[in-house]
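These are the residues of each chain, in order.
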Amino acid sequence: MTFDELFDSLPSKGWLTKPEAELLYRTAKATKGGILEVGSYYGRSACLLASLGRSVLCIDPWKDFDSDDKLGVKTLTSFRKVIAERGLVNVAWVRIKVEELTIEPMGFVYLDGDHTYEGTVHQILKAQECQPQAIAIHDVNDDGEGKEIKRAALELLGPWTERVERLAVWTL
Ligand SMILES: C[S@@+](CC[C@H](N)C(=O)[O-])C[C@H]1O[C@@H](n2cnc3c(N)ncnc32)[C@H](O)[C@@H]1O
């Protein structure tokens, strides 16, 4: 399967663009070991990362995110369906916030959960405890809530290795 075919096969709900997906995929691929994704939503980025064939742990409370799906029933049901339909047996998911995560070593961590300054700090601290070879953060931006994500990321991780649109990566 080409990257274009892979990208076109991803669940459509979500914000990850093709240039961002390319950087995310390439950065994750250059690492070894398990992959942690914080904030999985409908599974767009989870399916992309899972296509690498390595174990992917997805954590997300799957609630209180979409105003029309407060309990997250629709979102989690859809996430489970896309994972099952694709036969992605390498994906495990846990319905928790990142703050509740028990740390284990990971090769790569993708952060796309709580988009506040404090939430981003929590996510980065957890990610660092997993001692990954690389971290990627979505919504690193120059305005809106992304500005606070950017501020937290620069404070804790320093200058990024690469950024495409709103996806920044740090090779550690
Ligand atoms: C922007 S969406 C993630 C999009 C997904 N990565 C994709 O590519 O489609 C943000 C997700 O983060 C989750 N979230 C919010 N706060 C969180 C937290 N503290 N820990 C883990 N996940 C969180 C939300 O429930 C939501 O599903």
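Let me begin by describing the structure that accompanies this report. In this text, all values refer to a predicted model and were calculated from it rather than measured experimentally.

Reading the values: rules and limits
- Residues numbered from 1 in each chain as written.
- Predicted model: local features only at pLDDT ≥ 70, side-chain atom pairs only at ≥ 80, totals over all residues.
- Heavy atoms only, no water.
- Buried < 20%, exposed > 50% of the residue type's maximum accessible area, 1.4 Å probe, protein only.
- Helix = DSSP H or I, 4+ residues; strand = E, 2+ residues; numbered from the N terminus.
- Pairing = 2+ DSSP bridges.
- Right-handed = clockwise from strand over helix to strand, strands pointing away.
- Near = heavy atom within 4 Å.
- Polar contact = N/O pair within 3.5 Å; in protein donor to acceptor, adjacent residues only side chain to side chain.
- Areas by Shrake-Rupley, 256 points an atom, 1.4 Å probe, with all protein chains shown as cover.
- Nonpolar A, V, L, I, M, F, W, Y, C, P; charged D, E, K, R; others polar.
- Core = buried A, V, L, I, M, F, W, Y, C linked by side-chain atoms within 4.5 Å.

## A short note on the pairing of strand β2 (residues 56-59)
Alternating residues of β2 divide into Val 56 and Cys 58 and Leu 57 and Ile 59, and every residue in both groups is buried. Direction of pairing for β2 relative to strand β3 (residues 91-94): parallel, over a ladder of four bridges. Of the residues in β3, the one forming a bridge with Val 56 is Val 91. The parallel pair β2 and β3 is bridged by helix α4 (residues 73-85), and the resulting crossover is right-handed.

## With respect to the site of the ligand
Residues in contact with the ligand amount to 18 residues; listed here are only the nearest, Gly 39, Ser 45, Asp 60, Val 98 and Asp 112. In this structure, a nitrogen atom belonging to the ligand sits 2.8 Å away from a side-chain N or O atom of Ser 45. In this structure, Asp 112 approaches the ligand through a side-chain N or O atom, which is 2.8 Å from a nitrogen atom. Protein burial of the ligand: of its 600 Å² of free accessible surface, 94% is covered by the chains. Partitioned by chemical class, the residues of the shell around the ligand number seven nonpolar, five polar and six charged.

## Points about unusual backbone geometry
As a rule of thumb, non-glycine residues mostly have phi less than zero, and peptide bonds are mostly trans rather than cis. A positive phi angle, close to 60°, is found at Asp 64, a residue other than glycine. Looking at the element boundaries, Asp 64 is found in the loop between β2 and α4. Here Gln 131, not a glycine, exhibits a phi torsion of approximately 50°, which is positive. Considering the arrangement of structural elements, one finds Gln 131 in the loop between α5 (117-129) and β5 (134-138). Look at Gln 131 and you get exposed, because its relative accessible area is 67%.

## Here's the deal with the nonpolar core
Core analysis: the largest hydrophobic core is formed by 32 residues, its most contacted members being Leu 24, Leu 48, Leu 49, Phe 79, Val 91, Phe 108 and Tyr 110. Where this core is concerned, the elements lending two or more residues are α1 (3-9), α2 (18-29), α3 (44-50), β2, α4, β4 (108-111), β5 and β7 (167-171). Among the nonpolar cores identified, the runner-up in size contains 21 residues, and Val 38, Val 109, Cys 130 and Ile 149 belong to it.

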